[in-house]
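Summary of structural features
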Amino acid sequence: MDITARSAAELHTMLESKAISATELVREFIDRINKVEGNVKAFVTLTEESALEQAAKQDEKIARGEKIGPLAGIPMAFKDNMCLTGIRTTCSSKMLENFIPPYDATVVERLLDAGAISLGKLNMDEFAMGSSTENSAFFPTHNPWDLSCVTGGSSGGSVASVAADEVAYSLGSDTGGSIRQPAAFCGVVGMKPTYGAVSRYGLIAFASSLDQIGPVTKTVRDNALVLNAIAGHDTKDSTSVPFEKPDYTEFLVNDIKGLKIGIPWEYFGEGIDQGVARVIQEAIETLKGLGAEVTECSMPHTEYAMPTYYLIAPAECSSNLARFDGVRYGHRSQNNEDIISMFRKTRAEGFGSEVKRRIMLGTYALSSGYYDAYYLKAQKVRTLIKQDFDNALEKFDVLLSPTAPTPAFKLGEKLTDPLSMYMSDICTSPLNLAGLPGISVPAGFVNGLPVGLQLMGKAFSEGMLYRVAYTFEQNTDFHKVKPELTAEVVL
Amino acid sequence: MSVNDYEMVCGVEVHAELATKTKIFCSCTTEFGGEQNTHVCPVCSGLPGVLPVLNREVVNLAIKAGLALNCEIADYSKFDRKNYYYPDLPKNYQTSQFDLPICKAGWLEIMVDEEKKRIGITRAHMEEDAGKLVHSGETITSSMESFVDYNRTGVPLLEIVSEPDMRSIPEVIAYLEQLVEILEYTEVSDCKLEQGSVRFDVNVSIRPKGSSEFGIRSEIKNLNSYSSVRRCLEYEIERQAKILDEGERVIQETRTWDEGKGITLSLRSKEEAHDYRYFPEPDLVPLVIDREWVERISQTLPELPVARRARFQSLGLSEYDAKVLTDSKDLADFFDQALIEYKDAKVLANWVMGDFSRILNAQQCAVGDSPITPLQLAELLKLIEKGTISGKIAKSVIEDMYTTGKDAGTIIKEKGLAQISDEGALSGIIDGVLAANPQSVEDYRAGKERALGFLVGQIMKATKGQANPGKVNQLLKGKLS
Ligand SMILES: [Zn+2]
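The notes below deal with the structure included here. (Residues numbered from 1 in each chain as written. Chains lettered and ligands numbered in written order. Predicted model: local features only at pLDDT ≥ 70, side-chain atom pairs only at ≥ 80, totals over all residues. Heavy atoms only, no water.)

Residues and elements named next belong to chain B. Taken together, the protein donors to the zinc ion comprise C26 (SG), C28 (SG), C41 (SG) and C44 (SG), at separations of 2.3 to 2.4 Å. Geometry at the zinc ion is tetrahedral, judged from the four donor atoms that bind it and their angles of 102 to 114° at the metal. Donor residues for the zinc ion sit on one chain with the sequence pattern C-x1-C-x12-C-x2-C. The exposure classification of C26 matches that of C28, with both residues buried. (Donors = N, O, S within 2.8 Å, 3.2 Å for Na, K, Ca; no water. Tetrahedral: all angles 85-135°; square planar, octahedral: opposite > 155°, others 65-115°. Buried < 20%, exposed > 50% of the residue type's maximum accessible area, 1.4 Å probe, protein only.)

Burial of nonpolar side chains together is a common tendency in soluble globular proteins. With 164 residues, the main nonpolar core has L111, F127, Y169, L171 and F389 of chain A as its most contacted residues. Filtering out sequence-adjacent residues up to four positions away, Y169 of chain A remains in contact with A8, L71, I74, P75, M76, A77, L111, A116, V162, V216, T217 and V226 of chain A. Core analysis: the second largest hydrophobic core is formed by 64 residues, F25, I160, L179 and V294 of chain B among them. (Core = buried A, V, L, I, M, F, W, Y, C linked by side-chain atoms within 4.5 Å. Contact = heavy atoms within 4.5 Å.)

Quick look at the pattern of salt bridges now. Summed over the entire model, instances satisfying the criterion amount to 51 salt bridges over all chains. Salt-bridge contacts for K236 of chain A lead to E109 of chain A; the nearest nitrogen and oxygen are separated by 3.8 Å. Of this pair, K236 of chain A sits in the loop between α7 (220-230) and β9 (260-264) while E109 of chain A sits in helix α4 (residues 106-113), and the two are 127 residues apart along the sequence. Classification of K236 of chain A as partly exposed rests on a relative accessible area of 32%. Where K329 of chain B meets D333 of chain B, a salt bridge forms, and the shortest distance between an N and an O atom there is 3.0 Å. Of the two residues, K329 of chain B and D333 of chain B are both situated in helix α7 (residues 329-341); the distance of four residues between them amounts to about one turn of the helix. Look at K329 of chain B and you get buried, because its relative accessible area is 16%. Through salt bridges with shared partners, one network takes in E187, E303, R308, R311, K329, D333 and D336 of chain B. (Salt bridge = Lys/Arg side-chain N within 4 Å of Asp/Glu carboxyl O. Helix = DSSP H or I, 4+ residues; strand = E, 2+ residues; numbered from the N terminus.)

Residues and elements named next belong to chain B. A large share of strand β10 (residues 156-162) lies buried, amounting to seven of its seven residues. Burial along β10 is two-sided: P156, L158, I160 and S162 and L157, E159 and V161, pointing in opposite directions, are all buried. As defined by bridge partners, strand β1 (residues 6-17) adjoins β10 across five bridges and the pair is classed as antiparallel. Bridging from a neighbouring strand, E17 pairs with L157 of β10. Where strand β7 (residues 115-128) meets β10, seven bridges bridge the pair, whose relative direction is antiparallel. Counted as the bridge partner of E127 is L157 from β10. (Pairing = 2+ DSSP bridges.)

Okay, the pairing of strand β11 (residues 398-402) of chain A next. Residue and element names in this part refer to chain A. Among the five residues that make up β11, five are buried, leaving the element largely enclosed by the rest of the structure. The sheet contact formed by β11 and strand β13 (residues 449-456) spans four bridges and is antiparallel. Residue pairing for β13: L400 is matched across the bridge by L455.

This next bit is on the sheet that holds strand β14 (residues 263-269) of chain B. Read across the sheet, nine strands follow the order β2-β6-β7-β10-β1-β11-β12-β13-β14 (chain B) without closing on themselves; strand pairing throughout is mixed. Each edge of the open sheet carries a strand with a single partner, namely β2 (72-73) and β14 of chain B.

Below, the discussion takes up a negative patch on the surface. On the surface, a cluster of negative charge is contributed by D2, E24, E28 and D31 of chain A. Relative to the helices and strands, D2 of chain A is located in the segment before α1 (8-16). (Patch = residues over 30% accessible without salt bridge, like charges linked within 9 Å, V, L, I, M, F, W, Y side chains within 5 Å. Areas by Shrake-Rupley, 256 points an atom, 1.4 Å probe, with all protein chains shown as cover. Lys, Arg positive; Asp, Glu negative; His and termini not counted. Charge placed at Lys NZ, Arg CZ, Asp CG, Glu CD.)

As a further point, take the sheet that holds strand β12 (residues 438-446) of chain A. Residue and element names in this part refer to chain A. On the basis of which strands lie adjacent, the open sheet formed by 11 strands has the order β1-β3-β2-β6-β8-β7-β12-β13-β11-β9-β10 and mixed pairing. Lying at the two open borders of the sheet, with one neighbouring strand each, are β1 (43-46) and β10 (293-297). This sheet shows a mean twist of 30° between the axes of neighbouring strands, independent of strand direction. Strand direction decides the pairing type here: β9 and β10, joined by five bridges, are parallel. Each residue of the ladder has a partner; that of K260, found in β10, is E293. The strands touched by α4 are β2 (75-79), β6 (169-174) and β8 (212-217); relative to β2, the strand with the most contacts, the crossing angle is about 175°. (Axes fitted to C-alpha atoms, helices over the stretch in contact; angles between N-to-C directions.)

Now for the layout of surface pockets. All names here are of chain B. When its volume is computed, the second largest pocket comes out at roughly 1000 Å³. In terms of lining residues, the second largest pocket is bounded by 29 residues, among which Q178, E181, R309, K323 and D327 are the most central. Counting only elements with at least two residues in the lining of the second largest pocket, the list comes to β6 (103-112), α2 (169-185), α5 (305-314), α6 (319-327) and α7. The element contributing the most residues to the lining of the second largest pocket is α2, with nine residues. Counted by class, the lining of the second largest pocket contains 11 nonpolar, four polar and 14 charged residues. Residue assignment places the lining of the second largest pocket across two domains, with domain 1 (3-296) and domain 2 (310-406) each supplying three or more. (1 Å grid on protein atoms, 1.4 Å probe; cavity = no way out; pocket = protein on both sides within 12 Å on 5 of 7 lines; lining within 4 Å. Points joined across faces, edges and corners; volume = space filled by probe spheres on them. Nonpolar A, V, L, I, M, F, W, Y, C, P; charged D, E, K, R; others polar. Domains from an automatic or database assignment.)

On the chain A side, the residues contacting the 34 residues of chain B number 39 residues. Looking at the side of chain B facing chain A, the largest losses of area belong to P48, L51 and Y85 of chain B, adding up to 22% of the total buried there. Inspection of the region where chain B meets chain A yields one salt bridge. Taking the shortest distance from any N to any O, the salt bridge between R200 of chain A and D283 of chain B comes out at 3.0 Å. For the interface between chain B and chain A, the tally reads 19 residue pairs in polar contact (both at pLDDT 80 or more). Contributions of two or more residues to the side of chain B that touches chain A are made by β4 (80-83) and β15 (279-280) of chain B. (Buried area = accessible area lost by both parts, 1.4 Å probe. Polar contact = N/O pair within 3.5 Å; in protein donor to acceptor, adjacent residues only side chain to side chain.)

Our focus in this paragraph is empty space enclosed by the protein. Within this structure, the stated rule accounts for five cavities of 30 Å³ or more. The calculated volume of the largest cavity comes to roughly 140 Å³. Taken together, 19 residues make up the lining of the largest cavity; nearest its centre are F25, V43, P52, K91 and E128 of chain B. In this structure, the second largest cavity occupies an estimated 80 Å³ of space. In terms of lining residues, the second largest cavity is bounded by L203, I204, A205, N320, R323 and F324 of chain A together with P48, G49, V50, L51 and D283 of chain B.

Residues and elements named next belong to chain A. Throughout the structure, instances matching the rule amount to 26 aromatic pairs over all chains. Ring centres 5.4 Å apart and planes at 50° place the aromatic pair F99 and Y329 in the tilted group. Taken together, the residues span a long stretch of sequence, with F99 in the loop between β2 and α4 and Y329 in the loop between α9 (305-320) and α10 (339-350) at a distance of 230 residues. Since its relative accessible area comes to 5%, F99 is described here as buried. Centroid distance F243 to F460: 4.5 Å. Interplanar angle 35°. Geometry classified as tilted. (Phe/Tyr/Trp six-rings, centres within 6.5 Å; stacked < 30°, edge-to-face > 60°.)

All quantities given are derived from atomic positions and should not be read as evidence of function.
Here's what the structure looks like:
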C-alpha cells in the first residue's frame, strides 16, 4: 500500500519507529498532491514550505528521543473557513480572496499544538453554502471515485483530499450535513460532533447555531484520534460546553451485542435512491448479524426539517455575513459614489449567487411582519424536531439512516435547481437542528460510487457512535477500497 | 393657542457607559482616547470567525443599576442582534437586548418645586457601543473620505428607558440629574458627560392641557448635556405647538439636534424607520441570573443619595447642608469616614463644606486626591475640642496639612502652636502684661470693662495667639479683683 493511503494511526507507528521521518512523509504527500491534485482540485491554498518547516521541527523532537503525540508529524489540511495566522482564508469566496487572518482558530491552535502538519486550505462551497462544492468561487472539486461527479459539500475539499490520499485526514465543518454528506459521496469517515463539543472560535460562521467542526478521516480510529485533539471546552466560544471529554479511542471495541439501533422510517421515504436503500438494508443486516437489536421507529417531524433548516440557517447567515462590506477587509468595489453604493457593489461583486440567495431568504425571514410566520415558526418546529430525537434516543442507543439520499451526482447536474440540491441534505440537516452528533461511515457502493451510513446519537455520545461505526468497519471491507484516480479531467 | 396651553409628554432613553475596565465581549481596554484603532482586537473589530464572550462585570453593573433603580432583575435574559449597516459598526449588527432585558419595571423619585414625583423606568438593557466616524466633509454622504476609529466599539452600555411620565422640562432635567447621580453613586458609570459617556434620546409630544390622549411624538437622538436637552425640548415643544396651531399633524419621526443652530432636523420618518430584524444572538448563551447573584450584588449597593440625605438630616444637618454634602459622593464618603472618629456632625459638616472644600477648590484638587484624609480632619477637630488649639489656629493648621500632608498633631508640635493652658505659665505672662500696662489695670478697676479686652489682646499677642482664651479670662479676672 502507498504510504499516503495509510491511516494516521499507522503513520504514527511508522514515525515513532523511525521507519520514516516527518519530512519524508510530507514529501510523500506533496508528491501525491502533485500527481492527483490537477484532477481532484481539493486545495485552494497549498503551504508545502511551511509544512516542511513544521515537519523538520517534529523530526528534531523525534531525534531528541522525545515522545510524540498520535497526530504529530502527520500531514493534514483545513477547510478554508478556519482561520490560520498568516495564511489566506478565503471561504472559497471572492469576498475573502486575499484575506489573511491575524489569529488562529481554536481547532487550528489545538492541532498545531499536537504537532499536526498543515499542507494547506481546502476548497468548499462559498461560505459553506451548498451541497456539491460547485459554489466555490474558484473551481469545483472533483470526486476521486468519478471525476465527472461532485464531491458533495460543502466540505468537498476536505473529503476529496482524504479520499485521494493527498492528506492523512482533514477538518471540515457541518451546518446541515456539510461533513457527512460529502464523506458519504467520497467514501470516507466524517463526524459532526455534538453542538458545543468543538470550539467554533475562528471558524468563519455560516449559521452560528448549527455550525460544528469535525474530523474527516480514512478510518474510525483516526476519527476518534482527531476528535480527541480538537474537542473540549474553549472559553473563547460561549456556546462551547464544559463537558468531561473522554478518550474517544477507548470506545473502539469490536462489539455491539445487545445495543439498540433505531431505524426511523421517515429517512427511507421519497427521494431515497433504490441502490442506496439496498446498501443501507445490507448494512442493517450486518449490524443485526453482529448482535445489535434493530427496530424501526418514527420521527414524525422529519419532513419539516428541510424548510426549518432553510429558514434558520439563512436567517443567521444574513446577519453573520453582514460584516463583509468592504470597509475593513476583503473585497471592496472601486469607484463608488458613496458609502451605500460601496456596500451594495462590494457585496454584489464579492458574493456568489447561492450566498446572495440565502442572504435574501434570511433577510426576508427576519423582516418585521414576517418574523413570526417564518423565523419564529421555524424555531418552534426546531424544538419539535429535537423532541423527536429525544424521544427516539430514549429507546435506542443510536439511530441509523442513509447519510445522503443518493450517491454522488454529476457535476452541473443540480446547479440550476437549488431545491433539488437542498434535498441532498435531507438526511443530515435534522441532526444539526437538534444539535446532536452524527457520523457517516462507508457502507458500500452503487455503480462504483460510495454510499455512506449515518449513525446518530444523544448529545455527547460520540463514543457510542464510534463504537458502532468501528464495529461495522472492522467487519466490512468498504473502507479498504480505494478510488483508482486514473481518469483524465472530464470537465 | 400658545405654548402654555399645551402639556408636554416626555420619556427619555439614557445610554450610559458602564465603568468596566474591559469591553463587553473582548478584553480590550475601555479607556477613553488613545491613538485611533489601538484599543481593538479581532473580536471588537469584527474579523471573520471571531466570537463574543460576555464580560461578567457588565452583568454585575447592570444588576447593580437595576437594583438602584428599583427594577425587577430578570431570572432569564438574552442578547439579540440588531441588524443595520453603518461603517462604525464592524459586524453591521449591534449585539443588544430586545425582548428580554436584564432589568425592567423600576422607578426613581424626583423633586420639582418641593413636590415629589415618581418616574417609571420601563427597562434597562446591556449593549455594545459603536465606533467613531470622522468625515473629511460634513456628512458621510457628502465627504470624499471618512475615517473610522473602533476604539469605542464594544464599550459596554446600559440603555435605560423611562416611561413617558415627565410633563415639564424641569421634570426631565430633574430625572436626568437624579439618574446620573444614582449611576455615579453606585459606580455603575463615571458619567463623564463631556466625554460622551452618557447620552440622552428624548421622546416628546404635546397635547392640549387637560387631554388624556398622547400626541404624536418625535424622538430626538444623541443629546449629551442637560443644557442641550433643555434647549432642544424648548425648541421642539414650540415647533410642535406651531404645527398643531396651524391645524396640521405632527409627523412621527426621528430628529437630530443641531447644537449650533439650536434647532431640530428631521432624520427619518416612521415609514423610513429601520427594520432592525432583531433575532436572538446565537453566539451567546442565554443569561441565567439566580437570586444569589442578585443578592451578592445588592450587598455591594451603596446608600443612595436620597437615603443618605435623609440620614444626614437626622444627624442634625440642615436640608441645604445635607444636599451639598451628598451632591458629590466622594465628599459624602469623606464626611462619613471622618464622622466615625469625630461625632459632632454639625461641626464636621461646617469644616468639610467650609475650609476643607475651600482649600480643595482653590487648588483644583478632587476630594479623592486630597492629601488630607478623613481621619486627619477628624483629629484636627478633636484637637480643637480638647482645647489643644483654637479654631482660629486650626484654620492655618489645615492649610499646612494640605501642603505638607502631615497630621495636625505633628504640625502643632513642630510649629509650637499648642494652646497655653498651663496656669503657672499663663500666670507669669499675665503678670508681665499687667506690670507693663498699669493704666489699663487702673481703668478696669475704675469700672472700664473695655480695658479688659485690651489686656486680653496684649496677652494673646505676647503668646502669639496660643493662650487658651478661657483660661486667660479666668486668671486675669482673678488677678484684677
Ligand atoms: Zn477587542
